[in-house]
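# What the coordinates show
The primary structure of each chain is shown beneath.
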Amino acid sequence: MSLAAVAASGRIPDMGQVTLVDEVGVKERAARFQTRSIKKESKAEALRMVLSMIDLTTLEGQDTPGKVRQLCQKAIDLHDALPDLPQVAAVCVYPTMVGVARKVLGDADIKVASVATAFPSGMAPRQIKLEETRIAVEEGADEIDMVISRGRFLQGEYDFVFDEIAAIKEACGDAHLKVILETGELGALDRVRRASVLAMHAGADFIKTSTGKIQPAATLPVTLVMLQAIRDHYYETGRMVGMKPAGGISSAKLAVHYLVMLRETLGNAWITPEWYRFGASSLANDVLMQIRKQATGVYQSADYFSKD
Amino acid sequence: MAGSKSRMPVAKTYKIYIGGKFPRTESGRYFTIDGGDGSVIANICRGSRKDFRNAVVAARKAFPGWSGTSAYLRGQILYRIAEMLEGRAEQFVAELVLQGVSKRRARKEVDVSIDRLIYYAGWSDKYQQIFSAVNPVSSPHFNFSMLEPTGVVSVLAPDDSGLLGFVSNIAPVIVGGNTTVVLASEQRPLCAVSFAEVLHASDVPAGVVNVLTGYREELTGQFASHMDVNAVVYCDAEADDAADIQVRAADNLKRVVDRVGTDWSSENAQNPYRIKDTQEIKTTWHPIGS
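Structural notes, computed from the coordinates. On a predicted model such as this, the values are computed, not experimentally measured, just so you know. (Residues numbered from 1 in each chain as written. Chains lettered and ligands numbered in written order. Predicted model: local features only at pLDDT ≥ 70, side-chain atom pairs only at ≥ 80, totals over all residues. Heavy atoms only, no water.)

### Some remarks on the interface of chain B and chain A
Our working definition: Whether two residues are in contact is decided by their heavy atoms: any pair within 4.5 Å suffices. A simple way to read buried area is as the amount of 1.4 Å-probe accessible surface that goes missing from two parts once joined, with both sides added. Whenever Lys or Arg places a side-chain nitrogen within 4 Å of a carboxyl oxygen from Asp or Glu, that contact is recorded as a salt bridge. N or O atoms closer than or at 3.5 Å make up a polar contact, with two conditions inside protein: a donor-capable atom paired with an acceptor-capable one, and, for residues adjacent in sequence, both atoms drawn from side chains. In DSSP terms, a helix is any run of H or I states spanning at least four residues, a strand is any run of E spanning at least two, and both are numbered starting from the N terminus. Charged residues are taken to be Asp, Glu, Lys and Arg, nonpolar residues to be Ala, Val, Leu, Ile, Met, Phe, Trp, Tyr, Cys and Pro, and polar residues to be all remaining types, Gly included.
At the junction of the two partners, chain B supplies nine residues and chain A supplies eight residues. When the two sides are added together, the surface that chain B and chain A hide from each other amounts to roughly 870 Å², 47% of it contributed by carbon and sulfur. Counting across the chain B and chain A interface gives zero salt bridges. Joining chain B to chain A, the criterion identifies three residue pairs in polar contact (both at pLDDT 80 or more). Taken together, the elements giving at least two residues each to the side of chain B that touches chain A come down to helix H1 (49–68) and helix H8 (216–225) of chain B. Of the residues forming the side of chain B that touches chain A, the biggest block, three residues, is contributed by H1(B). For the side of chain B that touches chain A, the residue count by class is one nonpolar, four polar and four charged.

In structure tokens:
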């Protein structure tokens, strides 16, 4: 059976036709978002919105069921001293921890996301990646965060990467598929755009910048290029694709600037956890500290906010 | 000086000191210091609460490293600060004179400042054994108490003593392994900024001492209330203000250190108890054999 047959657009795009990126222009545009000043009620609203879009993440070799349980508890109940907080969108863990997370989250309206496909390098044979994906879904993952084979992509083997994404998408079944481009390894923004287009045509429900294991991770320029690719894909095919910048976004202020960029590139339809996520482990606490600062007028300390 | 007419002197821009860098205040505001005769000596950054917030972040970041260095090394670094200050003594005397201090008193203030640094440098590896104790307990435990630095200390430096008051307050705080954010004298802030340059050249790691300039009225509340500050030191507060500082500090149980009425040039302004004021006592129960 043809793997491409199950893909979103059903065909591999002509990569030679992908729009080139004006690197200087993108960087200037991205820098301008950081000059926006968001204050008072708008800030309060933006901070709550950021919280609702967070994929609370732990992806360490030292993860234990205990740590994952603790993280899930935090996802359910972010901070006792602040009632009426929104919940985070999802908890993001390794496949072996999906069962644990599923059990703790129970009926809570919080998704379980699992990285798969030999995260973070993606250096494994396809059968193993597919099997890993199926296991994660069987264990109860609602979302799969896969990594693309950067080596193959950089060699120009677009067919291979396309087929792989399409195959994983099929293995996901009803689970949503986020495709991690690992932009820190792609180099030029042109390649980021090309990888975005490839992933979206191959069936990605979300495209995601980074694993968080490689520097640089998410940056405003890279995210802007991906947002523009999503916009053009929507105009071309009428299909919405979500965006998830991940790694390196640890301050509330920066997260709000990402939202400004989202608003001004894709518009209101995308400003919801359904279409936009932040992959972060320490962002939630900074946002909580900002919300508490707004409530009390006093600058906060990390000492009073649970780590996981 | 011959030929000086043909050359315009280059005046120093007095900036604040945060995380080992000399930025301007993020607020872009400034105020002027006059020389008593209506002339403007310098424009000074009017620091904001956000500058303070940034400084606390820098201080918190520097804390694990600084508190983890050996007592001996901290002493060496304080000694180094004194050496650097000695080398630049003339500049500090001139700056004090510019701010209205008599030449003789300025000279004395600089000399005592240098000696004070040496004094605390010497205490760096000695205060611990003076204040620590092995405690008698009626169980098979070895029980001992020792000092640990409290963390980030905010210091409202005295207004009347631009250099000596500044030095006398930060030396006991940092020699004990704390990091600090200091609000310089509002009337005489020049020396505090220049002293930051001395710190910068003395192997004091970035963020260990952060220096802000600005209005007392605007910043005192922030110095007292910030939840990530572990102790606050004040030197000038009137009774009402002191009460306000204490109330704000109570939110996260900061140590409150009252230095009001200190004669900074006196020998009494230096003693190891001033180091202890920003230390926590940790007591450990250690089981003894069988």
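### Description of empty space enclosed by the protein
Residue and element names in this part refer to chain B. To keep things clear, this is the line we draw: Cavity means a closed set of points on a 1 Å grid over the protein atoms alone, one where a 1.4 Å probe fits but cannot get out, pocket means an open set with protein on both sides within 12 Å along at least 5 of 7 lines, and lining means a residue has an atom within 4 Å of a point. Grid points are joined across faces, edges and corners, and a volume is the space filled by probe spheres set on the points.
The full count for this structure, using the stated rule, is one cavity of 30 Å³ or more. In this structure, the largest cavity occupies an estimated 50 Å³ of space. The element that contributes the greatest number of residues to the lining of the largest cavity is helix H6 (residues 164–175), accounting for four residues. Broken down by class, the residue content of the lining of the largest cavity amounts to three nonpolar, three polar and two charged.

### Focus on the sheet that holds strand E1 (residues 54–57) of chain A
Residues and elements named next belong to chain A. Let me state the cut-off plainly: In this scheme, strands are said to pair when DSSP sees at least two bridges between them. With axes taken as lines fitted to C-alpha atoms, and helix axes fitted only over the stretch in contact, angles between N-to-C directions fall between 0 and 180 degrees.
In space, the eight strands of this open sheet follow the order E7-E6-E5-E4-E3-E2-E1-E8, with parallel pairing throughout. With one partner strand each, in any of the chains shown, strand E7 (242–244) and strand E8 (278–280) form the two edges of the open sheet. Adjacent strand axes in the sheet meet at a mean angle of 25 degrees, parallel and antiparallel pairs treated alike. Relative to strand E4 (residues 143–147), strand E3 (residues 111–116) is paired through four bridges, and the arrangement is parallel. Bridging from a neighbouring strand, Val115 pairs with Asp145 of E4. Those strands touched by helix H9 (residues 220–237) are strand E6 (206–208) and E7, and its axis lies near 170 degrees from that of E7.

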